[in-house]
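Structure assessment
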Amino acid sequence: MEVRDLHEWPATVAEAEAIQDRLRPSLDLEEPGPQALRTVAGLDVSYAGDGGGTGARLAAAVVVLDARTLEVVEESVVTGTAAFPYVPGLFAFRELPTLVAALRRLTVTPDLLVCDGYGVAHPRRFGLACHLGVLTGLPTIGVAKTGFVGSHETPGARRGDAGPLVDGGEVVGRVLRTRDGVKPVFVSVGHRIDLDTACRHVLALAPDYRLPETTRRADRLSRDALAASP
DNA sequence: GCGACAG
DNA sequence: ATCTTGTCGC
């Protein structure tokens, strides 16, 4: 599929923040988004060694599923190196080049991208899911496993129970329980979809486990690719 | 000022 | 993210 060029790459924290600020106006946060999905892609990255700096070896995976059956339609995985040190809020710059390379190898264009991390629930309202949305033009959402920005009440204990994630006085996401009695996930929109629709899709994608099947498949693929590569 | 801090 | 043993539960 087509993905916009990354163009200039930041060398400093200030440059990376400036890029986020410059791209943010391109976000479409008005569309309700796709109500019915034919295909949906999950993205994830695994690392080897060096936990925080630039240059760590990594594998970026994209797995496209049939949204109805959750069966694999296509897989793409690319190995590379971390393109930026880990800095909370700039996490996307670490793995964006390799993720984009994996997306470009796709022969099908998914109806939705499910990213590992956050969308607008971000210090500058431009997390990984937003960045990938602007680069691909596709609807994107972020599903994170732990908190980052914002505060929330503990949602009910049953699957489907949820509550707002609030930051700076605005609702930036939703804390959503995907399994009875299991720690909830943090859902935020990235591009071209609304929060209700995003949460509906997350629940449909996670019938048996805490995380969406898209994320679980991409996680396994990236992990296996990393272990199999020199 | 001191922590906390997506992966 | 990754480093890691045992352990509780279906």
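The rules we used
- Residue indices follow the written sequence of each chain, beginning from 1 at its first position.
- The naming scheme follows written order: chains are lettered A onward, ligands numbered 1 onward.
- Where local features are concerned, this predicted model is filtered to residues with pLDDT of at least 70; where side-chain atom pairs are given and counted, the filter is 80 or more; whole-chain, interface and lining totals use all residues.
- To obtain the side-chain values, all non-hydrogen atoms of the structure were included, while hydrogens and water were left out.
- Only one rule defines a salt bridge in this text: a Lys or Arg side-chain nitrogen within 4 Å of an Asp or Glu carboxyl oxygen.
- Secondary structure is summarised from DSSP: a helix means a run of H or I of at least four residues, a strand means a run of E of at least two, and numbering begins at the N terminus for each.
- Think of it in three bands: with a 1.4 Å probe and only protein chains considered, a residue is buried below 20% of the maximum accessible area for its type, exposed above 50%, and partly exposed in between.
- Here, two residues are considered to be in contact whenever any of their heavy atoms come within 4.5 Å of each other.
- Whether two aromatic rings pair depends on their centres lying within 6.5 Å, for rings of Phe, Tyr and Trp, where Trp uses its six-membered ring; planes under 30 degrees apart make the pair stacked, over 60 edge-to-face, and the rest tilted.
- The criterion for a charge sitting over a ring is simple: Lys NZ or Arg CZ within 6 Å of the ring centre, and within 35 degrees of the ring normal.
- UniProt positions are given in the numbering used here, feature names are shortened, and annotations may be inferred rather than shown by experiment.
- For our purposes a nonpolar core is just a set of buried Ala, Val, Leu, Ile, Met, Phe, Trp, Tyr and Cys residues, chained together by side-chain atoms within 4.5 Å.
- Note on terminology: pairs of cysteine sulfur atoms within 2.5 Å are recorded as disulfides.

What follows covers the pattern of salt bridges. One pass over the full model with this rule turns up 11 salt bridges. E17 serves as the salt-bridge partner of R124, at 3.6 Å between the closest nitrogen and oxygen. Residue R124 is located in the loop between strand 4 (113-116) and helix 3 (128-136), and its partner E17 is located in helix 1 (residues 13-23); the two are separated by 107 residues in the primary sequence. Residue classification places R124 among the buried residues on the basis of a relative accessible area of 19%. Looking at E17, the relative accessible area reads 28%, which means it is partly exposed. With its nearest N and O atoms 2.9 Å apart, the salt bridge here joins E213 to R216. Here E213 and its partner R216 are both found in helix 5 (residues 213-228), 3 residues apart, which amounts to about one turn of the helix. Given the relative accessible area of 12%, E213 is considered buried. Judged by its relative accessible area of 27%, R216 is partly exposed.

Here the focus is the environment of A83. Examined against the element boundaries, A83 turns out to sit in the loop between strand 3 (72-81) and helix 2 (92-104). Given the relative accessible area of 22%, A83 is considered partly exposed. Excluding residues within four positions of it along the chain, A83 makes contact with W9, T54, F93, R94 and P97.

Bringing the packing of aromatic side chains into the picture now. A full pass over the atoms with the stated rule returns 5 aromatic pairs. Judged by centre distance (5.5 Å) and plane angle (70 degrees), the ring pair of W9 and F93 falls under edge-to-face. With W9 in the segment before helix 1 and F93 in helix 2, the pair connects residues that are 84 residues apart, well separated along the chain. Look at W9 and you get partly exposed, because its relative accessible area is 28%. F93 sits in the buried class, given a relative accessible area of 1%. Summarising the aromatic geometry, the rings of Y86 and F91 are spaced 6.4 Å apart at their centres and angled 65 degrees between planes, so their arrangement reads as edge-to-face. Judged by its relative accessible area of 25%, F91 falls in the partly exposed class. One Lys or Arg, R216, reaches over the ring of Y209 and ends 3.7 Å from the middle of that ring.

Once that is clear, we can look at the UniProt feature "binding site: Mg(2+)" (unreviewed entry) in chain A. Within this structure's numbering, the places UniProt gives as "binding site: Mg(2+)" (unreviewed entry) are D44 and D116. Of the residues just listed, which span 73 residues, no C-alpha pair is farther apart than 5.9 Å, and they cluster in one region. Positionally, D44 belongs in strand 1 (residues 39-48). Under the relative-accessibility criterion, D44 is labelled buried at 6%. In this view, D44 contacts A59, A60, A61, L99, D116, A218, D219 and S222; residues no more than four positions away in its chain are not counted. Position of D116 relative to the elements: it lies in strand 4.

Counting residues in each nonpolar core, the largest one holds 34 residues, and the members touching the most others are V40, L112, V114, I141 and V187. Going through the elements one at a time, helix 1, strand 2 (57-66), helix 3, strand 5 (140-144), strand 8 (185-191), helix 4 (195-205) and helix 5 are the ones with two or more residues in this core. Per-element accounting of this core gives the leading share, 5 residues, to helix 4. When neighbours within four sequence positions are excluded, I141 is seen to be in contact with L112, L113, V114, C115, A129, S188, V189, G190, I193, A198 and V202. Counting residues in each nonpolar core, the second largest holds 26 residues, with A60, V64, A92 and L135 among its members.

Further remarks concern the state of the cysteines. By definition, a disulfide is the covalent link that joins the sulfur atoms of two cysteine residues. Using the criterion set out here, one finds 0 disulfides in the structure. For the unlinked cysteine C115, the closest cysteine sulfur is that of C130, found at 9.0 Å. The class of C115 is buried, set by a relative accessible area of 1%. Judged by relative accessible area, C130 falls into the buried class, the value being 0%.

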